[in-house]
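Analysis of the macromolecular model
Listed below, chain by chain, are the residues.
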Amino acid sequence: MVVLKDNANKQQRKQKKWLEIKKMRSFYLMLLIPMLMLFLFSYGPMYGILIAFKDFSPGLGIWQSPWNNFEHFKRLFDDYLFIRALKNTIIISLLKIIISFPAPIIFALLLNEITHDKFKRITQSISYLPHFMSWVILSTMIVEVLSPERGIINFFIGLFGGDPVHFLASKTAFIPMLIITDIWKEIGYASIIYLASMASIDTALYEAAEIDGANRFHKMIYVTIPSIMPMIIILFILRLGSILNAGFDQILNLYNPLVYEVADIIDTYVYRAGLEQFQFDYATAVGLFKNVVGITLILVANTIIRRRSEHGIW
């Protein structure tokens, strides 16, 4: 009897699941399209990773090209240009994490303290605009602003008796310029998620802090920041995973051979090796190395944070 009852329960659960799926079939159909696109354009091309382990010949194709016993990966660390690109990538990414990552958090905290609604909306709208422009357009504006002959920055330097500075050709000025322009482009858009987190904070916490005598600064330090800390941690872990993504679009549109020593990163190196020198197999090996490092950093960072707190991606 017990067995029959269990079978009946299983049958009922199965029928209930099918009824739920049938009820939500339109949503499943809508989900099918992005899943198909994800498979075709994200998972399908992974088949090409095989050429990182082969001496790829376009005439032979991926399967017929001979295996090369990891020669491309051995070559990586004997290649001075790759070592230089790796070092530059890590330096630029770390600087962006240290300086650029906190910028939208500070900006969101300041915006949250503005009580004049109209001024707040105008400030937000202006700060969002650069995000919606590509680096192709923004780099043109940056080149004009920093131009040693006609740029407004050098105009003011000249007014105070200084010599014109070629920011985009200077090894010392190029990286600070990258950081500043990166913050300018993303600070507004990146602050949205923090502002959304702040909007969900229970107002009773602020009222309790006021009763305890907290001023606005104290409320920001002891209520707002701890409340948005889980979101900060999640975004920080994701940012660590992209530590070898130093900003391909930005650097490709702004750098030049004069600053390769400090500005050439893994992505620009792969671009030149793959598309300009037709070393598709070697460029794929470099890209695969970068992605393996990225996923490893995410796993390590998430594990450490999960052990020390209750927050994490999974």
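Counting starts from 1 at the beginning of each chain's written sequence and moves along it residue by residue. Totals for whole chains, interfaces and linings use every residue, but because this is a predicted model, local features are given only for residues with pLDDT of at least 70 and side-chain atom pairs only at 80 or more, for both listing and counting. Where side-chain values are given, they derive from all heavy atoms of the structure, hydrogens and water being excluded.

What follows covers the packing of aromatic side chains. The geometry of an aromatic ring pair is captured by the separation of the ring centres together with the interplanar angle, meaning the angle of the planes. Within 6.5 Å between ring centres, the rings of Phe, Tyr and Trp (the latter by its six-membered ring) count as paired, and their orientation is classed by plane angle as stacked under 30 degrees, edge-to-face over 60, tilted in between. All told, the structure shown has 15 aromatic pairs when counted by the stated rule. The interplanar angle of 75° and the centroid separation of 5.5 Å between the aromatic rings of Phe155 and Phe156 together place this pair among those described as edge-to-face. Buried, partly exposed and exposed residues are distinguished by accessible area as a fraction of the type maximum, computed with a 1.4 Å probe on protein chains only: under 20%, between the cut-offs, and over 50%, respectively. For Phe156, a relative accessible area of 42% corresponds to the partly exposed category. With a centroid separation of 6.2 Å and 85° between ring planes, the pair formed by Tyr269 and Tyr282 is classed as edge-to-face. Pair noted here: Tyr269 is in helix H15 (residues 266–276) and Tyr282 is in helix H16 (residues 280–308), with a separation of 13 residues, a long-range link. For the pair formed by Tyr269 and Tyr282, the shared burial category is buried. An aromatic cluster is defined as three or more aromatic residues linked by ring pairs; in this entry it consists of Phe77, Phe82, Tyr269, Tyr282 and Phe289. A cation sits over an aromatic face here: Arg75 above Tyr282, 3.6 Å from the ring centre. Its end group placed over the ring of Tyr260, Arg272 keeps NZ or CZ at 4.7 Å from the ring centre. Helix numbering and strand numbering both begin at the N terminus, where a helix is a DSSP run of H or I of at least 4 residues and a strand a DSSP run of E of at least 2. Either the NZ atom of lysine or the CZ atom of arginine qualifies as a charge over a ring when it sits within 6 Å of the ring centre and within 35 degrees of the ring normal.

Side chains bearing opposite charge may pair, as long as their charged atoms lie close to each other. Throughout this description, the term salt bridge denotes a Lys or Arg side-chain nitrogen within 4 Å of a carboxyl oxygen of Asp or Glu. For the structure shown, the criterion picks out 9 salt bridges. The partner of Arg216 in a salt bridge is Glu113, with the nearest N and O atoms 3.1 Å apart. Separated by 103 residues along the polypeptide, Arg216 in helix H12 (residues 216–241) and Glu113 in helix H6 (residues 102–113) bring together distant segments of the chain. Of the charged contacts, one joins Asp267 and Lys290 as a salt bridge, the two residues approaching to 2.8 Å between their closest N and O atoms. Pair noted here: Asp267 is in helix H15 and Lys290 is in helix H16, with a separation of 23 residues, a long-range link. In this pair, the class of Asp267 matches that of Lys290, namely buried. Salt bridges linked by common partners bring Arg84, Asp264 and Arg272 together as one network.

Counting all residues, the mean pLDDT for the protein is 86, and 96% of those residues have values of 70 or more. In predicted models, pLDDT denotes the confidence assigned by the predictor to each residue on a 0 to 100 scale. Across the protein, element-level confidence peaks in H6 with a mean pLDDT of 91 and bottoms out in helix H1 (residues 2–23) with 78.

The subject of this paragraph is the packing of helix H5 (residues 80–100) against helix H10 (residues 171–199). Axis angle and axis distance: for two packed helices, these are the angle between their axes and the distance between the axes, and together they describe the pair. All axes here are fitted lines through C-alpha atoms, helices being fitted over the stretch that makes contact, and every angle between N-to-C directions spans 0 to 180 degrees. The interhelical angle for the contact between H5 and H10, taken along N-to-C directions, is 45°, at an axis separation of 10 Å. What the angle tells us is that H5 and H10 run oblique. The way H5 lies across H10 gives a crossing that is right-handed. Counted together, Ile92, Leu95, Lys96, Ile99 and Ser100 of H5 and Ile175, Leu178, Ile179, Asp182 and Ile183 of H10 form the full contact between these two elements. Taken together, the residues of the contact of H5 with H10 sort by class into 7 nonpolar, 1 polar and 2 charged. Angle categories: roughly parallel below 35 degrees, roughly antiparallel above 145, roughly perpendicular from 65 to 115, and oblique for all the rest. Here is the rule for handedness: rotate from the far helix to the near one, and if that takes an anticlockwise turn smaller than a right angle the crossing is left-handed, while a clockwise turn gives right-handed. Any two residues whose heavy atoms approach within 4.5 Å at even a single point are treated as in contact. In the scheme used here, Gly and all other residues not listed as nonpolar or charged are polar, with Ala, Val, Leu, Ile, Met, Phe, Trp, Tyr, Cys and Pro taken as nonpolar and Asp, Glu, Lys and Arg as charged.

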